[in-house]
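# A structural walkthrough
Now for the letters of each chain:
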Amino acid sequence: MNNKMKSITLIMGHPDEESFCRGIADSYLDGASRQDVKINLIDLSQLQFNPNLQHGYRKRTDLEPDLLRAQQMIKDADHLVFVYPIWWGSVPAILKGFFDRILLPGFAYDPKPGSVMWDKRLKGKTAHLIVTMDTPPWYYRFFYGSSGHRVMKQGVLGYCGIKTVKVTEISPIKTSTDRQRQEWLQKIKKLGAQLA
């Protein structure tokens with residue numbers, strides 16, 4: 001990561017605050033705290049919001065205070081780190097609902113009237129995806145085409161102008177030993193210290 005980075009926002013996308021993903025998030029933050037950067041944490045297991053975009057884009061639903069704060073943290077960040085599990089090939093429902101509610105016109109993008117094109121409002125930001133899976137990485141790539149990664153990189157973040165610069169896969173979780181998990185946490189701590 002470049003030396004100009006001043007602000008990181010980490011989004012913990014697992015709904016269980018006692019999950020291994022939370023341990024990963026804490027390890028990254030521990031490593032990053034040793035650098036001269038501003039660090040924010042958005043822990044979706046702690047936010048109070050309705051993840052359902054009830055009216056679609058037909059009618060605006062007011063954002064809850066937690067979502068307004070999250071938008072500001074994302075807006076202020078130079079680099080975003082997402083920590084989440086791959087469930088059914090993609091992100092958990094709580095993370096998808098978070099995106100549905102906050103990545104709105106006027107914040108994440110601007111539609112161009114009379115056109116299928118749009119302006120990306122979050123250009124200049126970078127992202128690092130740290131994902132846990134039970135599926136071995138080679139199997140996820142070969143048989144599923146890394147579908148969840150592509151959706152995040154292109155369909156969500158890329159749509160808003162955020163460039164994904166790194167994907168770190170932690171897998172397979174369900175057959176891992178305590179020793180493997182500790183090694184993974186040390187690896188993530190080093191990535192945080194490198195601001196990667």
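For the structure itself, look to the data block above.
So, a few notes on the structure that sits alongside this text. Counting starts from 1 at the beginning of each chain's written sequence and moves along it residue by residue. Restriction of local features to residues with pLDDT of at least 70 applies here, the model being predicted, together with a cutoff of 80 or more for giving and counting side-chain atom pairs; totals for whole chains, interfaces and linings are based on all residues. To get the side-chain values, take all heavy atoms of the structure and skip hydrogens and water.

What follows is about the nonpolar core. Nonpolar cores are built from buried Ala, Val, Leu, Ile, Met, Phe, Trp, Tyr and Cys residues. Side-chain atoms within 4.5 Å join them into one set. Accessibility here uses a 1.4 Å probe with only protein chains present; expressed as a share of the type maximum, an area under 20% marks a residue as buried, one over 50% as exposed, and anything in between as partly exposed. Counting 36 residues, the largest nonpolar core has Phe82, Tyr84, Phe98 and Leu103 as its most contacted members. Mapped by element, the contributors of at least two residues to this core are helix 2 (65–76), strand 3 (79–85), helix 3 (93–102), strand 6 (126–132) and helix 5 (147–160). The dominant element in this core, judged by the number of residues it contributes, is helix 3, at five residues. Not counting the four nearest positions on each side in its chain, Phe98 is found in contact with Ile11, Ile42, Leu44, Leu47, Phe49, Leu67, Ala70 and Ile74. Under the DSSP-based scheme used, a helix requires at least four consecutive residues in state H or I and a strand at least two consecutive residues in state E, with every element numbered from the N terminus. Every residue pair with non-hydrogen atoms within 4.5 Å of one another is taken to be in contact.

Now for the environment of Glu18. Within the element layout of this structure, Glu18 appears in the loop between strand 1 (7–12) and helix 1 (20–32). Judged by relative accessible area, which is 70%, Glu18 ranks as exposed. In sequence terms Glu18 and Lys112 are 94 residues apart; their C-alpha atoms lie 43 Å from each other.

Let us now look at the sheet that holds strand 1. On the basis of which strands lie adjacent, the open sheet formed by five strands has the order 2-1-3-6-7 and parallel pairing. Unpaired on one side and paired on the other, strand 2 (38–43) and strand 7 (163–170) mark the two borders of the sheet. Pairs of neighbouring strands in the sheet enclose a mean axial angle of 15°, with direction left out of account. Strands pair, by our definition, only if DSSP identifies at least two bridges between them. The pairing of strand 1 with strand 3 spans five bridges and is classified as parallel. Residue pairing across strands places Met12 opposite Val83, the latter belonging to strand 3. Note on geometry: axes are lines fitted to C-alpha atoms, helical ones only across the stretch in contact, with angles between N-to-C directions running from 0 to 180 degrees.

A separate point is the side chain of Arg101. Examined against the element boundaries, Arg101 turns out to sit in helix 3. Under this definition, polar contacts are N or O atom pairs within 3.5 Å; protein pairs additionally need one hydrogen-donor-capable and one acceptor-capable atom, and for neighbouring residues in sequence, both atoms have to be side-chain atoms. A distance of 3.1 Å separates the side chain of Arg101 from the backbone oxygen of Asp62, its partner in a polar contact.

This part covers the packing of helix 1 against helix 6 (residues 178–193). Any two packed helices are characterised by the angle at which their axes cross and by the distance between the axes. Where helix 1 contacts helix 6, the axes come no closer than 6 Å and their chain directions differ by 40°. As helix 1 runs across helix 6, the sense of the crossing is right-handed. On helix 6, the residues touching Phe20, Gly23, Ile24, Ser27, Tyr28, Asp30, Gly31 and Ala32 of helix 1 are Arg181, Trp184, Leu185, Ile188, Lys189, Leu191, Gly192 and Ala193. Gly is placed with the polar residues, together with every amino acid not listed as nonpolar (Ala, Val, Leu, Ile, Met, Phe, Trp, Tyr, Cys and Pro) or charged (Asp, Glu, Lys and Arg). Considering only residue class, the contact of helix 1 with helix 6 consists of nine nonpolar, four polar and three charged. Whether a crossing is left-handed or right-handed is set by the direction in which the near helix is turned from the far one by less than a right angle, anticlockwise for left-handed and clockwise for right-handed.

Before going further, it helps to examine the pairing of strand 1. With six of six residues buried, strand 1 is to be regarded as a mostly interior element. Residues Ser7, Thr9 and Ile11 point to one face of strand 1 and Ile8, Leu10 and Met12 to the other, with burial holding for every one of them. Sheet topology places strand 1 next to strand 2; six bridges connect them, and they run parallel. Across the sheet, the residue bridging to Ser7 is Lys38, located in strand 2.

To continue, consider the layout of surface pockets. Roughly 300 Å³ of volume is contained in the largest pocket. Lining of the largest pocket is provided by 16 residues; of these, Ile86, Trp87, Thr132, Met133 and Asp134 occupy positions nearest its centre. At the level of elements, helix 1 and helix 4 (137–144) are the ones that each hand at least two residues to the lining of the largest pocket. Each residue belonging to the lining of the largest pocket can be placed in one class, and the counts come to 10 nonpolar, five polar and one charged. The calculated volume of the second largest pocket comes to roughly 170 Å³. Here the term cavity refers to a set of points on a 1 Å grid, laid over the protein atoms alone, in which a 1.4 Å probe fits but cannot get out; the term pocket refers to an open set having protein on both sides within 12 Å along at least five of seven lines, with lining residues being those that place an atom within 4 Å of a point. Tyr57, Lys96, Phe99, Asp100, Leu103, Tyr109, Gly155, Val156, Tyr159 and Cys160 together form the lining of the second largest pocket. Taken together, the elements giving at least two residues each to the lining of the second largest pocket come down to helix 3 and helix 5. For the lining of the second largest pocket, a count of residues per class yields seven nonpolar, one polar and two charged. Grid points are joined across faces, edges and corners, and a volume is the space filled by probe spheres set on the points.

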